[in-house]
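So the chains spell out like this:
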Amino acid sequence: MGETMAERKTRHVGLFVTCLVDLFRPSVGFAAVKLLEDAGCTVEVPRQSCCGQPAFNSGDRATSREIAAQVIDAFAPFDFVVAPSGSCAGMLKIHYPELFRGDPNWQPRADRFAAKTHELLSFLFHVCGVRAVAARLAATATYHDSCSGLRELGLRSEPRALLGTVAGLKLAEMHDANVCCGFGGTFCVKYPDISNAIVAKKAANIAATGASLLLAGDLGCLMNMAGKLQRDGSAIAARHVAEVLAGMTDEPAIGAPHAPSGPAP
Amino acid sequence: MTEGTSQTAAAAAPLGIAKAATHSASTQCFKGNAKAALGDRDLQNALKFVEVNFIARRQEVADRLPEFEALRDAARDIKDHTLAYLDLYLEAYERRMTEQGGNVHYAVTAEDARNIILDICRKLGARAVTKGKSMVAEEIGLNDFLDANGIAAVETDLGEYIIQLRHEMPSHIIAPAVHLTKAQIEGDFRRAHSDLPRERNLEEPTSLLAEARSVLREKFLAADVGITGANFLVAETGSSVIVTNEGNGDLTATLPRAHIVLASIEKVVPTLEDLAQLLRVLARSATGQEMSVYTTLTTGPRRAGDLDGPAEYHVVLLDNGRSAMLGGEFRDMLRCIRCGACMNHCPVYHAVGGHAYGWVYPGPMGAVLTPALIGIDQARDLPNASTFCGRCEEVCPVRIPLPKMMRSWREREFERHLSPAAARWGLAFWAFFAKRARLYRLATAVAARLMALAARGRGRFRHLPLASGWTRHRDFAAPQGATFQSQWQARRGAARGNADPPGEQGARP
């Protein structure tokens, strides 16, 4: 806010697309690109794999460090690193510096990298000063606060504020929106029954809102909640919040069948 | 304690020291415990209390106190400072305590503590002991041990009394019987208090409480020794502090001939002023009270002119692995003031309750503390059974980084090859690709296409052979088609009007 267009144009963003978006839902990545470009950023996507959380949270520190070093290197040329995920952004911003603490070469690099890394909505709101989007969607949606975004990065009001500017969209708060959905990365396959008990409560809270659309900022949580809703026979659609903010909701919702007209581009 | 067991105990009284009946840990069976817990309807009903009431009450009192967050910082700093000079504060506490006529005993291990307590009881010829709620007593398996040595120990906290009737461990560190419904407790009372009229009405919780009171009143008067834990020990005055809501702790401490305080070494705080600050966060974090109903300081035996109090006063200071934590990465865990807020806010605890964790300390604090006390090889699942949602750390009154320390345990497990082989192989396979971004991009491009084809336009899978843990309960969303990176590459290539550089090309959509 309060900058000239020329200053805005200088924001050179490397998109950390996240492995789940890359593999399962590229449309979220393209929605992020559109939102960033609309905010005056230039966006590039350096070659990447994963932020390393599966290794980090499994106690494999050596692999985590190798992957972290690779990510820090790949994004060295950019002014900013932006990820459409609170969980991956938290890994990059909070945990990379922890991984290299005390390392004279890498700690300063990890600290600098952390300082320029942002979760997508946080970046749009706080760095780019975006306060409204041009999107339109006639629906009632409910928003789930994913844990890392909420508790590691303090993301709470930003998604709600921006969603509030989507024409036609109504927000219905669910009970316990800030409670974990039970995904937890590898937790959901290591302890599937406990994970199921947790997501069952979440699905009930989502359904109780009467919303037709579930939104969140992390694809892992979304796949977990969408999968549970679908297994329960619910018709509630699930999307990443970036898709709605970018006005890119032509793709079928998460886990929904393709439209009969054939695969989307 | 039922008549039956106390008779057994008396009959079994040996000359030497009997070994403690195994205060058995089932930490190794976490998954099986959890599965059983998820299918236990009574437990699931009882657990709703934790999820609803504890959280709302804490939030309410925290919101009412503007300086609550600053108090948490102060509480953390007081504990950190004390831990940095723990040896000095323990010596100061011991000196002040001894000056007031008390006896301080150091116990390195659980066995040492049990033997010290038994020795005190034997010297007094004690046959009956009352107990205030003490997690450290649970940790050392004190009741079974005293029982096996002919001394009947009766729990006097209502929740502890109930689980003692059931021969269970506490399922929560401040609400030991929170896993039970009222109907189950009524059944236990009718079974245990078989001398009372059968037709009596026990519908109301207050009638259960009244019955426990009248039964326990006799025990209080008959006890030779009272054993309590300590929430804090104050170095400045030599005082031991307990916070309770039932007043049973006071009767335990003052009525018998001797009072034994059993406390772990990290309970010491420097001054009364420090104590006051910690008390302000303790009850608020625990039960959502501003203060617990009773906050009792005891400082040595009865003095000349005192109206009541014990003739002998002993303090057993237990290490049991804690001093080894002081110098390492789990040191912050020693800040814990046992409020239970972490488990009250834990989605895993809400789902499976405290017994699933298999030992004395459940929930996030147990997932960090238990491996330190009984060995990570005995408790491999505990630090893994967390989604890392971070709510425990968010509410911890002394800001213990619980998820970070659970991750530290996972690192130890990984280093020592204690994690399951399948998980290690899966991780190694994934890491091979994740560390080679170019190869990763090619492999995922193929995988995404194959999975999208396999889903045949239905958008998701109901069964996936390698992800049955997921698809047992949930559908699994199929990839949209080409990966983001391959699409991006293709677009950039098209925009530049030239082909991808060799080796950069992903599978095109």
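Residues numbered from 1 in each chain as written. Chains lettered and ligands numbered in written order. Predicted model: local features only at pLDDT ≥ 70, side-chain atom pairs only at ≥ 80, totals over all residues.

Draft legend 1. Representation of the overall build of chain A. Check the secondary structure of chain A and you find 14 helices and 8 strands. In terms of overall size, chain A behaves like a compact globule, its C-alpha atoms giving a radius of gyration of 18 Å where 265 residues would be expected to give roughly 18 Å. For chain A, the residues scored as buried account for 60% of the 265 residues in total. Here the analysis covers contacts within chain A between residues at least 6 apart in sequence; of these, 75% occur between residues at least 24 apart. (Helix = DSSP H or I, 4+ residues; strand = E, 2+ residues; numbered from the N terminus. Rg over C-alpha atoms; globule rule 2.2 N^0.38 Å. Buried ≥ 20, exposed ≤ 12 C-beta atoms within 10 Å, placed from the backbone. Contact = placed C-beta atoms within 7 Å.)

Draft legend 2. Examining the sheet that holds strand S5 (residues 232-234) of chain B more closely. All names here are of chain B. Taken in spatial order, the 4 strands make up an open sheet running S8-S5-S6-S9, and their pairing is mixed. With partners counted over all chains shown, the strands left at the sheet margins are strand S8 (268-269) and strand S9 (294-298), one partner each. In the sheet, strand S6 (residues 239-244) pairs with S9 via 5 bridges, with the strands oriented antiparallel. Bridge assignment links Ile-242 to a residue of S9, and that residue is Thr-296. (Pairing = 2+ DSSP bridges.)

Draft legend 3. Looking closely at the sheet that holds strand S7 (residues 213-216) of chain A. All names here are of chain A. Spatially, 4 strands are ordered S6-S5-S7-S8 in an open sheet, and the strand pairing comes out parallel. The open sheet terminates on both sides in strands that have one partner only, identified here as strand S6 (167-171) and strand S8 (237-240). Strand-to-strand twist of the sheet, defined as the mean angle between neighbouring strand axes without regard to direction, takes the value 35°. Bridging between strand S5 (residues 136-143) and S7 involves 3 bridges; their strand directions are parallel. (Axes fitted to C-alpha atoms, helices over the stretch in contact; angles between N-to-C directions.)

Draft legend 4. Just unusual backbone geometry, in detail. If you check the backbone angles, A:Asp176 has positive phi at about 60° while not being a glycine. Structurally, A:Asp176 is set in the loop between S6 and helix H11 (187-190). Of note, B:Phe388 is a non-glycine position whose phi angle comes to about 60°, a positive value. With respect to the secondary-structure elements, B:Phe388 resides in the loop between helix H17 (363-374) and helix H18 (391-395). Since 24 C-beta atoms lie within 10 Å of it, B:Phe388 is described here as buried.

Draft legend 5. Highlighting the interface of chain B and chain A. The interface is formed by 56 residues belonging to chain B together with 60 residues belonging to chain A. Examining the composition of the side of chain B that touches chain A, we find that 7 residues originate from one element, helix H21 (residues 437-455) of chain B, more than from any other. Its residues assigned to classes, the side of chain B that touches chain A shows 28 nonpolar, 14 polar and 14 charged. (Nonpolar A, V, L, I, M, F, W, Y, C, P; charged D, E, K, R; others polar.)

Draft legend 6. Structural view of the confidence of the model for chain A. In this model, chain A carries an average pLDDT of 94, and 94% of its residues clear a pLDDT of 70 or more. Predicted confidence is poor over residues 261-265 of chain A, with pLDDT under 50, and the contacts of this stretch with residues over four places away or in other chains come to 4 contacts. (pLDDT = per-residue confidence, 0-100.)

Draft legend 7. Spatial organisation of the environment of B:Lys31. Position of B:Lys31 among the secondary structure elements: in helix H2 (residues 30-38). When the 16 C-beta atoms within 10 Å are taken as the criterion, B:Lys31 is described as partly exposed.

Draft legend 8. Region of interest: the domain arrangement of chain B. Segmenting chain B into domains produces domain 1 (3-325) and domain 2 (436-496). A C-alpha centroid distance of 55 Å is found between domain 1 of chain B and domain 2 of chain B. (Domains from an automatic or database assignment.)

Draft legend 9. Representation of the packing of H17(B) against helix H19 (residues 402-415) of chain B in the model. Residue and element names in this part refer to chain B. For the pair H17 and H19, interaxial distance at closest approach is 9 Å and the crossing angle is 40°. For the crossing formed where H17 meets H19, the hand is left-handed. Touching Pro-364, Met-365, Ala-367, Val-368 and Pro-371 of H17 are Leu-402, Met-405, Met-406 and Trp-409, all from H19. Here the residues of the contact of H17 with H19 are counted per class, giving 9 nonpolar, no polar and no charged. (Left-handed = near helix turned anticlockwise from the far one by under 90°.)

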